[in-house]
Amino acid sequence: MRIAIYGAGLIGAYVGGRLAAAGGDVVLIGRARSRAALAGGLTLTDYTGARITTLPLPFAEGSEGAAGAGLVLICVKSRASAAVARELGPHLAPGALVVSLQNGIGNAAVLAEGLGRPVLPGMVGFNVADQGPGHFHQGSQGGLHMGVDPRLPLDLFARAGLPLTLHADMAPVLWSKLLMNLNNAVNALSGLPLREELATRDFRRCLALAQEELLALCAEAGQPLARLTPLPAAFLPKVLRLPDPLFRLIAGNMLKIDPLARSSMADDLASARPPELDALNGEVARLAARLNRTAPVNARLSRLVEDATTTPDRWSGEALLADLQRARGG
Ligand SMILES: NC(=O)C1=CN([C@@H]2O[C@H](COP(=O)(O)OP(=O)(O)OC[C@H]3O[C@@H](n4cnc5c(N)ncnc54)[C@H](OP(=O)(O)O)[C@@H]3O)[C@@H](O)[C@H]2O)C=CC1
Ligand SMILES: CC(C)(CO)C(=O)C(=O)O
């Protein structure tokens, strides 16, 4: 089965490269600058010390690269989903399975509407960092999750070291991932790598404030959350607020991240791309509006990240916490 990877960025190149290294027939679809960066082949490393190299992968700069693919993995940022659906539709084989590997809640639905066919939601639980042209590093644990579909080449994903965890209902998985992604904005504002940021109690307290908002809204909406970490989602804010030694003892796993890894939103700010706010903190605001509530902490985080796109600024944990507490009203 030919697999088209739509979006040859961090997730697309890493997942596509590992599938190709395991024998998959993979084509990358992306921009000219990605083609140039990947022209020497891929080097894929991970936190366990694994190192895989590949020859240059077939690369297309347009959707025609997806013609004949049986599986298309969508790996663009959320804001590009509607445009990708428009570009991809005319080239998609009738029986092809399309899977969204994007963060956020609504991408599969946006793609499905544009393509006029169902799209399977997926979720990437790990971080990928760019370590130079063609070198992509998986800097944290966390697997690949997808809805159930008999067309998925499960063996290939397993051989590639990316075994799929399948879920009859992906919504609790996506909402739980969103809870984690509320750290993307905190991380971007901190200017620190994820590990250093999460090792700083005041930044963890900022994340706890943002997560509490979403947890309360999910409870009110009756939206269940999948358990993606050893700790149930509802306990996370309490654990995040613990003093550093206790936090390390109880949740040391959260700090097992490559020392250089940053959130994908921090990557956006660093490369002057629009941050993926609408699909993350913006989704919290939409849920709040649906319930006639507000989400002032997440609204404030969105505002601060927007501001940082024009006036780059690094926040201390103390200053950000004080700002978010003011936004929350206490
Ligand atoms: N990075 C990470 O560690 C993680 C990311 N995710 C999620 O995965 C998704 C992808 O993120 P990530 O890989 O970091 O993003 P990247 O920005 O690194 O990659 C996306 C790539 O797609 C390209 N692209 C966008 N639109 C098109 C188009 N119409 N045609 C061809 N190429 C296009 C982009 O080019 P250009 O920039 O020029 O538009 C870019 O090269 C996001 O939803 C993210 O939140 C999930 C888990 C971890
Ligand atoms: C893996 C994680 C949670 C943090 O890197 C992420 O999804 C992101 O950076 O967007």
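About the thresholds
- Every residue gets a number counted from 1 within its own chain, in the order that chain's sequence is written.
- Whichever chain is written first is A, and whichever ligand is written first is 1; the rest continue in order.
- Totals for whole chains, interfaces and linings use all residues, but because this is a predicted model, local features are given only for residues with pLDDT of at least 70 and pairs of side-chain atoms are given and counted only at 80 or more.
- In computing side-chain properties, one takes all heavy atoms of the structure into account and sets aside hydrogens as well as water.
- UniProt positions are given in the numbering used here, feature names are shortened, and annotations may be inferred rather than shown by experiment.
- A run of DSSP states H or I qualifies as a helix once it reaches four residues; a run of E qualifies as a strand once it reaches two. Both are numbered from the N-terminal end.
- What counts as a domain boundary in this text is fixed by an automatic or database domain assignment.
- Only heavy atoms enter the contact rule, under which two residues are in contact if any of them lie within 4.5 Å.
- Accessible area that two parts lose when put together, evaluated with a 1.4 Å probe and summed over both, is termed the buried area.
- What counts as a salt bridge is simple: a side-chain nitrogen of Lys or Arg found within 4 Å of a carboxyl oxygen of Asp or Glu.
- By definition, no residue in a patch forms a salt bridge, and every one has over 30% relative accessible area; like charges are joined within 9 Å, nonpolar side chains (Val, Leu, Ile, Met, Phe, Trp, Tyr) within 5 Å.
- Every accessible area reported is derived by Shrake-Rupley at a probe size of 1.4 Å, with residue values counting cover from the shown protein chains alone.

- As recorded by an unreviewed UniProt entry, the protein carries the name 2-dehydropantoate 2-reductase and is attributed to Pararhodobacter aggregans.
- In its Pathway (unreviewed entry) section, the UniProt entry covering the protein states "Cofactor biosynthesis; (R)-pantothenate biosynthesis; (R)-pantoate from 3-methyl-2-oxobutanoate: step 2/2."

1. Thoughts on the UniProt feature "domain: Ketopantoate reductase C-terminal" (unreviewed entry) in the protein
Then step 1. According to UniProt, the positions carrying the feature "domain: Ketopantoate reductase C-terminal" (unreviewed entry) are residues 171–306.
Then step 2. A distance of 28 Å separates the end C-alpha atoms of residues 171–306, which is 64% helix and 0% strand.

2. Here's the deal with the domain arrangement of the protein
Then step 1. If you check the domain split of the protein, you get domain 1 (2–167) and domain 2 (171–328).
Then step 2. On a C-alpha basis, the centres of domain 1 and domain 2 stand 25 Å from each other.
Then step 3. In this assembly, 21 residues from domain 1 lie in contact with 25 residues from domain 2.
Then step 4. Summed over both sides, the interface of domain 1 with domain 2 buries roughly 1800 Å², with 56% coming from carbon and sulfur.
Then step 5. The interface formed by domain 1 and domain 2 holds 1 salt bridge in total.

3. Quick notes on a nonpolar patch on the surface
Then step 1. Together, Val148, Leu154 and Leu166 give the surface a local cluster of nonpolar side chains, amounting to about 240 Å² of exposed area.
Then step 2. Assignment of secondary structure puts Val148 in the loop between strand 11 (144–147) and helix 5 (154–159).

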